[in-house]
Amino acid sequence: MSAVPDASNPVSGYLHPAYANALSEYGRPVYLPQCRGWVLERRIPGCDAVDAMGCYPLFMCQDWSSLHLDLETINRQWVTLVLVADPFGHYSADYLKACFPDVMIPFKQHYVIDLRQSPHDFVIDHHKRNARKALQKVTVEVCPDPLALLDEWVSLYDVLIRRHQIRGITAFSRQSFARQMQVPGLVVFRASVEGATVGMLLWYVMGNVGYYHLGAYNEMGYDLRASFALFWHAITYFAEIGVKWLNLGAGAGVHGTTDDGLSRFKRGWSNGTRLAYLCGRVLDRKKYQEIISRRGGLSQVSYFPLYRYGEF
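Conventions we followed
Residues numbered from 1 in each chain as written. Predicted model: local features only at pLDDT ≥ 70, side-chain atom pairs only at ≥ 80, totals over all residues. Heavy atoms only, no water. Helix = DSSP H or I, 4+ residues; strand = E, 2+ residues; numbered from the N terminus. Rg over C-alpha atoms; globule rule 2.2 N^0.38 Å. Buried < 20%, exposed > 50% of the residue type's maximum accessible area, 1.4 Å probe, protein only. Contact = heavy atoms within 4.5 Å. Areas by Shrake-Rupley, 256 points an atom, 1.4 Å probe, with all protein chains shown as cover. Lys, Arg positive; Asp, Glu negative; His and termini not counted. Charge placed at Lys NZ, Arg CZ, Asp CG, Glu CD. Salt bridge = Lys/Arg side-chain N within 4 Å of Asp/Glu carboxyl O. Phe/Tyr/Trp six-rings, centres within 6.5 Å; stacked < 30°, edge-to-face > 60°. Lys NZ or Arg CZ within 6 Å of the ring centre and 35° of its normal. Polar contact = N/O pair within 3.5 Å; in protein donor to acceptor, adjacent residues only side chain to side chain. Core = buried A, V, L, I, M, F, W, Y, C linked by side-chain atoms within 4.5 Å. Pairing = 2+ DSSP bridges. Axes fitted to C-alpha atoms, helices over the stretch in contact; angles between N-to-C directions. Parallel < 35°, antiparallel > 145°, perpendicular 65-115°, else oblique. Nonpolar A, V, L, I, M, F, W, Y, C, P; charged D, E, K, R; others polar.

(A) Broad picture of the overall build of the chain. Secondary structure assignment for the chain yields 11 helices and 11 strands. Its C-alpha radius of gyration of 20 Å places the chain within 12% of the 20 Å reference for a compact globule of 312 residues. If you line up the chain on its principal axes, its C-alpha atoms span 60 × 40 × 35 Å. In the chain, buried positions account for 55% of the 312 residues. Pairs at least 24 apart in sequence give 72% of the contacts found in the chain among residues at least 6 apart. Roughly 14500 Å² of accessible area belongs to the chain as shown, and the carbon and sulfur atoms make up 50% of that amount. Between the centroid of the 32 positive side chains of the chain and the centroid of its 28 negative side chains there is a distance of 5 Å.

This is the structure:
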């Protein structure tokens, strides 16, 4: 599978229908024909109604300037729509506010890398030192056939699920991962010791931007700090093949604080940030109020949509 999408078929990664289909266990993939993006339609628990959410982790589309046209045509279909806008999307904050008048707020700062600068100049010494030490013990390679490593990846990810008690959409099933492994634009890096896998990273490349998707390690991988070897190799690899930007994502948790361990780790590799906005729109206000009143006790809660408070 090619690391960089064919120029004649630029749709890849989170933009590709195969990625939306990989998340079909969590909602019915729905194509937005004007902006050319994908969302997931979900049944609302406890009532005969549906809403929609952007695909995890970011909503992307090919024509942001036409998103409002899709929102106008789906007004009778869903109770609400909520999504996190791609920080590299071609939109203005004012446009997002017009599209999402109910909720349009800063959500998380994503750590990004401008690859026009050498990683030797911006990666912090702590990370470079750990990468050098790890690379003395582990071998890192780009995997030409990601699907062949499905079982190994699922085994690594099970370790992550147990360590961090992951629930919800990010506790991906084996079937979801099998589909994710076949999405065009996927790049997989594998760290091994004497042929045995100890860690892997999954990235999606869309145009000139590479998005860090997921990473997982076994206990040996954690002990050997394989993550440092993998990230160093990935950054240098993408720079060599001509990718211009990398999005490492944000820190852990819903609120995206900047002092958690994951934030510190990502910040050490990056040379900039970009803001991701949480966007929400009530499309059927009468039904929305009806569902909220049925739930009760939500007047002091800051969450959108309110009736899904506590689901994660």
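(B) Molecular detail of the pattern of salt bridges. Evaluation of the coordinates by the stated rule reveals 12 salt bridges. Two residues, R42 and D51, come together in a salt bridge whose shortest N-O distance is 3.4 Å. Judged on exposure class, the residue R42 and its partner D51 are both buried. It is possible to trace a salt-bridge network through shared partners that takes in R42, D51 and R308.

(C) Geometry of the packing of aromatic side chains. Scanning the model with the defined rule gives 31 aromatic pairs in all. When the centroid spacing of 4.7 Å and the interplanar angle of 55° are considered together, the rings of W64 and Y91 count as tilted. Highlighted residues: W64 in the loop between strand 3 (50–54) and helix 2 (67–73) and Y91 in the loop between strand 4 (80–84) and helix 3 (93–99), separated in sequence by 27 residues. Ring centres of Y303 and Y309 lie 5.7 Å apart, and the angle between their planes is 75°; on these two criteria the pair is classed as edge-to-face. Residue Y303 is classed as partly exposed on the basis of its relative accessible area of 26%. With relative accessibility at 43%, the residue Y309 sits in the partly exposed group. Chaining the aromatic ring pairs together yields one cluster made of F189, W203, Y212, F228, F231, Y237, F238, F265 and W269. Lying across the ring of W245, R274 places its NZ or CZ 4.9 Å from the centre.

(D) Structural view of the side chain of N247. You can see N247 is positioned in strand 10 (residues 245–249). Of note is the side chain of N247, whose polar atom sits 3.3 Å from the side chain of H110. Side-chain polar atoms of N247 contact the backbone nitrogen of G249, separated by 2.8 Å. Residues in contact with N247, not counting those within four places in the same chain, are L58, P87, F88, H110, Y111, V112, W203, G210, Y211 and Y212.

(E) Layout of the nonpolar core. If you look at the biggest cluster of nonpolar residues, it comprises 56 residues, and the most contacted ones within it are W153, Y157, F177, Y211 and Y288. Looking at this core, the element that brings in the most residues is helix 6 (residues 150–164), giving six residues. In this structure, Y211 is in contact with Y14, L58, M60, D86, F88, L202, W203, Y204, M206 and N247, ignoring residues within four places of it in sequence.

(F) Quick look at the pairing of strand 11 (residues 272–282). As defined by bridge partners, strand 4 adjoins strand 11 across five bridges and the pair is classed as antiparallel. Across the sheet, residue V82 finds its bridge partner in strand 11, namely G280.

(G) Spatial organisation of the sheet that holds strand 5 (residues 103–114). Strand order across the open sheet formed by 11 strands is 1-2-3-4-11-5-10-9-8-7-6, with mixed pairing between neighbours. Bordering the open sheet on either side are strand 1 (28–32) and strand 6 (139–142), each of which pairs with just one other strand. In this sheet, neighbouring strand axes are inclined to one another by 30° on average, regardless of whether the strands run parallel or antiparallel.

(H) Highlighting helix 10 (residues 261–269). Every buried residue of helix 10 is listed here: S263, F265, K266, G268 and W269. Packing partners of the buried residues in helix 10 comprise strand 5, helix 4 (119–122), helix 5 (125–135), strand 9 (209–217), helix 9 (226–241) and strand 10. A distance of 3.1 Å separates the backbone nitrogen of L262 from a side-chain oxygen at the start of helix 10, and that oxygen is part of D260.

(I) Quick look at the packing of helix 5 against helix 9. Running from N to C, helix 5 and helix 9 point in directions that differ by 105°, and their axes come no closer than 7 Å. Taken together, the axes of helix 5 and helix 9 lie roughly perpendicular to each other. Of helix 9, the residues touching helix 5 (which contributes H126, H127, K128, N130, A131, A134 and L135) are F228, A229 and W232. Residue composition of the contact of helix 5 with helix 9, grouped by class: six nonpolar, three polar and one charged.

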